[in-house]
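Understanding the architecture of this molecule
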There are 2 protein chains.
Amino acid sequence: MTEKDKQTEEKIFESATEVFIEKGMDGARMQDIADHAGINKSLLHYYYRTKDHLFNAVFEMIAGQMFKKFAPVFDEKLSLEEKIKFFFREHITFMQKNPGLPAFLLNEINRNPARIKKLIRQIDVNKLWLTLEAQHKDELKKYNITKQTIPQLMSTMAAISVFPFAARGILEGIFEKMDINFNDYIEERKVFAADFVIKAIKNDSSS
Amino acid sequence: MTEKDKQTEEKIFESATEVFIEKGMDGARMQDIADHAGINKSLLHYYYRTKDHLFNAVFEMIAGQMFKKFAPVFDEKLSLEEKIKFFFREHITFMQKNPGLPAFLLNEINRNPARIKKLIRQIDVNKLWLTLEAQHKDELKKYNITKQTIPQLMSTMAAISVFPFAARGILEGIFEKMDINFNDYIEERKVFAADFVIKAIKNDSSS
DNA sequence: ATATAGTTTAACCAACTAGTCAAAATTAAA
DNA sequence: TTTAATTTTGACTAGTTGGTTAAACTATAT
């Protein structure tokens with residue numbers, strides 16, 4: 001029955017996702033995943049031939065989810081400032097709901113950079129820039145943003161958004177001593193981050 | 001001979017550091033570390049009883065190095081703006097020389113948050129704030145920086161500095177398609193980061 | 001020289017791990 | 001109902017892994 005197929009295959013995939021996120025590729029055990037899904041270990045190999053196959057399926061799904069969150073920025077009909085606000089609000093909210101993803105991705109990418117490069121190859125970076133340029137020609141000129149400064153600016157935005165989740169363990173440790181709640185900090189960050197970036201680029205012409 | 005002791009123990013420690021950074025705690029093999037040090041595996045257990053002992057020694061050393069780089073900011077006799085410039089220059093230069101540390105630390109902290117919390121407990125966060133306040137009372141007021149906004153600001157600075165190294169695999173993948181060299185990007189970032197943050201806080205009163 | 005203490009090694013082990021396989025159970029088709 | 005195909009299982013295996021142990025080696029002190 002195709003129904004049951006989907007059920008078990010999905011159950012395996014979901015269990016694998018949870019276990020891989022928690023333990024990482026090296027730390028995860030096929031037996032753990034099987035137990036978590038309430039099935040026999042052999043079934044894992046029946047649906048996904050090897051641990052590597054299973055991990056790749058999970059990895060590509062998660063990486064895809066993460067990158068997809070950047071896409072709307074390139075077609076929303078918003079001003080540049082509103083796009084910045086939109087990006088931080090959406091991206092941070094997504095990670096709020098999936099707090100384990102950033103650390104998982106960064107770790108596995110560093111452990112095996114080739115895996116992500118295969119996915120990046122599918123992105124047409126130049127086209128994205130052209131889209132942005134077409135949509136915001138005047139604003140980009142006003143803020144002094146060029147094709148040369150975009151990498152610094154974009155990576156800075158990604159950094160401000162992603163880092164708190166990747167470094168959650170450290171931040172929580174420090175915040176404990178200051179009576180700050182991590183979730184409150186994250187909620188606050190959605191607007192802080194946008195304001196911070198907008199203020200920085202607004203001031204650019206005066207330097 | 002104490003000379004020889006130090007030699008082998010250090011050789012083990014250095015090899016362990018390299019292997020753990022490359023493979024992580026779970027991925028590293030005691031045999032790898034022994035081979036790398038050119039000694040018998042049993043010697044590892046002679047000097048560091050278990051893999052966990054050896055890993056902890058390495059982890060605490062690296063975490064210490066990383067945190068130490070934040071310290072000078074609190075006693076250098078510089079203006080606030082100069083301190084920001086100083087921080088990014090020094091911190092990024094340090095990571096340039098040790099590009100594997102950020103990813104290693106973030107990963108292992110997420111795998112076992114308790115480990116880092118033990119080290120953080122030794123830091124007197126409140127004292128650091130008081131020091132900063134005493135040294136820069138007027139500037140903090142001028143830039144609208146308070147004890148409440150410090151966490152967002154500091155974590156943002158850490159993010160901008162650390163993230164490129166933690167996400168190196170992704171960035172390199174994207175940069176390849178834009179003919180950008182990662183090392184050039186990092187060199188450029190030392191001043192970009194400082195300028196960016198300074199511009200953001202300068203503009204704060206007008207919001 | 002020889003006894004003592006510390007260092008290094010080779011051989012070994014028990015526990016674990018990803019993956020296999022043939023048989024059993026379940027489902028679909030005839 | 002019988003047959004064929006698919007799915008699930010339990011038992012097993014070959015290879016790894018962290019860790020142990022007793023013996024060999026080295027250096028120091030008497």
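Please refer to the structure higher up on the page.
This is a predicted model, so every value here is computed, not measured. (Residues numbered from 1 in each chain as written. Chains lettered and ligands numbered in written order. Predicted model: local features only at pLDDT ≥ 70, side-chain atom pairs only at ≥ 80, totals over all residues. Heavy atoms only, no water.)

**Details of the overall build of chain A**
Assigned secondary structure in chain A consists of 12 helices and 0 strands. Viewed in the frame of its principal axes, chain A has a C-alpha envelope of about 65 × 45 × 30 Å. Within chain A, the fraction of its 207 residues that count as buried is 47%. For chain A, the proportion of contacts with a sequence separation of at least 24, taken over those separated by at least 6, is 69%. Element-wise, carbon and sulfur atoms account for 51% of the exposed surface of chain A, whose accessible area totals about 10,600 Å². Looking at charge distribution, chain A has the averaged site of its 31 positive side-chain charges lying 5 Å from that of its 30 negative ones. (Helix = DSSP H or I, 4+ residues; strand = E, 2+ residues; numbered from the N terminus. Buried < 20%, exposed > 50% of the residue type's maximum accessible area, 1.4 Å probe, protein only. Contact = heavy atoms within 4.5 Å. Areas by Shrake-Rupley, 256 points an atom, 1.4 Å probe, with all protein chains shown as cover. Lys, Arg positive; Asp, Glu negative; His and termini not counted. Charge placed at Lys NZ, Arg CZ, Asp CG, Glu CD.)

**Observations regarding the relation of the copies chain B and chain A**
Superposing chain B onto chain A takes a rotation of 180° combined with a translation of 0.0 Å along the rotation axis, leaving an RMSD of 0.0 Å. These values place the two chain copies in the arrangement generated by a two-fold rotation axis. Minimal C-alpha separation from the rotation axis in chain B is found for Ala200(B), amounting to 2.0 Å. When the interface residues of chain B are mapped onto chain A, 100% of them again fall at the interface, so both copies present the same face. (Least-squares fit on C-alpha atoms with pLDDT ≥ 70 in both.)

**Section: the environment of Glu90(B)**
Residues and elements named next belong to chain B. As for its placement among the helices and strands, glutamate 90 is situated in helix 5 (residues 80-97). Residue glutamate 90 is classed as partly exposed on the basis of its relative accessible area, which comes to 31%. It is 24 Å that separates the C-alpha atoms of glutamate 90 and glutamate 22, two residues lying 68 residues apart in sequence.

**Some details on the packing of helix 7 (residues 113-120) of chain A against helix 11 (residues 168-177) of chain B**
Close contact between helix 7 of chain A and helix 11 of chain B brings their axes to 9 Å; oriented N to C, the two are set at 40°. With respect to their mutual orientation, helix 7 of chain A and helix 11 of chain B come out oblique. The chirality of how helix 7 of chain A crosses helix 11 of chain B is right-handed. On the side of helix 7 of chain A, the interface is formed by Ile116(A), Lys117(A) and Ile120(A), while helix 11 of chain B contributes Gly169(B), Ile170(B), Glu172(B), Gly173(B), Ile174(B), Glu176(B) and Lys177(B). (Axes fitted to C-alpha atoms, helices over the stretch in contact; angles between N-to-C directions. Parallel < 35°, antiparallel > 145°, perpendicular 65-115°, else oblique. Left-handed = near helix turned anticlockwise from the far one by under 90°.)

**A closer look at the side chain of Ser155(B)**
Looking at the secondary structure, you find Ser155(B) in helix 10 (residues 150-166). For Ser155(B), a relative accessible area of 3% translates into the label buried. Filtering out sequence-adjacent residues up to four positions away, Ser155(B) remains in contact with Phe163(A), Leu171(A), Tyr185(A) and Arg189(A).

**A few points about the interface of chain B and chain A**
Across the boundary between the two partners, chain B contributes 58 residues, which contact 58 residues of chain A. In total, about 4,800 Å² of surface goes out of reach between chain B and chain A, with carbon and sulfur atoms giving 66% of it. Together, Gln152(B), Phe163(B) and Phe196(B) form the three largest contributors to the area buried by chain B at its contact with chain A, with a combined 14%. Taken together, the links from chain B to chain A amount to 3 salt bridges. A salt bridge links Glu172(B) to Lys117(A), with the shortest nitrogen-to-oxygen separation between them at 3.9 Å. When contributions to the side of chain B that touches chain A are tallied by element, the ones reaching two or more residues are helix 1 (2-27), helix 6 (101-111), helix 7 (113-120), helix 10, helix 11 and helix 12 (182-202) of chain B. No other element matches the 12 residues that helix 10 of chain B contributes to the side of chain B that touches chain A. Across the side of chain B that touches chain A, the residue classes tally to 31 nonpolar, 12 polar and 15 charged. (Buried area = accessible area lost by both parts, 1.4 Å probe. Salt bridge = Lys/Arg side-chain N within 4 Å of Asp/Glu carboxyl O. Nonpolar A, V, L, I, M, F, W, Y, C, P; charged D, E, K, R; others polar.)

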